[in-house]
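Next come the chains, spelled out residue by residue.
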Amino acid sequence: MTNTITTDRLLTTPQVSELTGLAVATLQNMRSRGLGEGPRWVKIGRSVRYRESDCLAWIESLGTVAA
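Residues numbered from 1 in each chain as written. Predicted model: local features only at pLDDT ≥ 70, side-chain atom pairs only at ≥ 80, totals over all residues. Heavy atoms only, no water.

Our next topic: the packing of helix 1 (residues 13-20) against helix 2 (residues 24-33). Contact geometry for helix 1 and helix 2: axes closest at 9 Å, N-to-C directions at 110°. What the angle tells us is that helix 1 and helix 2 run roughly perpendicular. Contacts from Thr13, Pro14, Val16 and Ser17 in helix 1 reach Val24, Leu27 and Arg31 in helix 2. In the contact of helix 1 with helix 2, the residues fall into four nonpolar, two polar and one charged. (Axes fitted to C-alpha atoms, helices over the stretch in contact; angles between N-to-C directions. Helix = DSSP H or I, 4+ residues; strand = E, 2+ residues; numbered from the N terminus. Parallel < 35°, antiparallel > 145°, perpendicular 65-115°, else oblique. Contact = heavy atoms within 4.5 Å. Nonpolar A, V, L, I, M, F, W, Y, C, P; charged D, E, K, R; others polar.)

In this structure the tally under the stated criterion is zero aromatic pairs. The ring of Trp41 is capped by Arg31, whose NZ or CZ atom sits 5.9 Å from the centre of that ring. (Phe/Tyr/Trp six-rings, centres within 6.5 Å; stacked < 30°, edge-to-face > 60°. Lys NZ or Arg CZ within 6 Å of the ring centre and 35° of its normal.)

Now for the sheet that holds strand 2 (residues 42-44). Read from one edge of the open sheet, three strands run 1-3-2, paired in antiparallel fashion. On the outer flanks of this sheet lie strand 1 (10-11) and strand 2, each paired with one strand and no other. As judged from the two bridges shared by strand 1 and strand 3 (residues 47-51), these two strands associate in the antiparallel manner. Within strand 3, the residue paired with Leu11 across the bridge is Tyr50. Together, strand 1 and strand 3 form the strand contacts of helix 3 (residues 52-61), whose direction differs from that of strand 3 by roughly 60°. (Pairing = 2+ DSSP bridges.)

For the rest of this paragraph, the subject is the nonpolar core. For soluble globular proteins, nonpolar side chains are generally found buried alongside one another. Of all hydrophobic cores here, the largest spans eight residues; its members are Leu11, Val16, Leu27, Met30, Val48, Tyr50, Cys55 and Trp58. Broken down by secondary-structure element, the contributors of at least two residues to this core are helix 2, strand 3 and helix 3. Ignoring anything within four residues of it in the chain, the contact list for Trp58 reads Thr20, Leu22, Met30, Gly38 and Pro39. (Core = buried A, V, L, I, M, F, W, Y, C linked by side-chain atoms within 4.5 Å. Buried < 20%, exposed > 50% of the residue type's maximum accessible area, 1.4 Å probe, protein only.)

Here we take up helix 3. The complete set of buried residues in helix 3 reads Asp54, Cys55 and Trp58. Buried residues of helix 3, seen end-on, are gathered within an arc of 100° and therefore sit on one face of the element. Along its buried surface, helix 3 packs onto strand 1, helix 1, helix 2 and strand 3. After helix 3 finishes, the residue Gly63 shows a positive phi value of roughly 85°. (Arc of directions from axis to C-beta.)

Below you can see the structure in the form of structure tokens.
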């Protein structure tokens with residue numbers, strides 16, 4: 001097993017809220033349901049953080065809306 005450390009910025013829930021336009025409560029609900037909704041997150045001690053690259057990849061995976 002290989003452990004890799006990335007140099008991604010770790011974002012807080014309010015920062016991800018601002019990036020995605022989702023409410024903090026929505027992100028918290030996505031995490032608590034455990035259904036794989038929303039961007040991937042990591043637990044560091046008692047803190048929840050999101051890797052910036054995971055957030056951007058999740059946004060990209062949602063696709064685009066035609067105008």
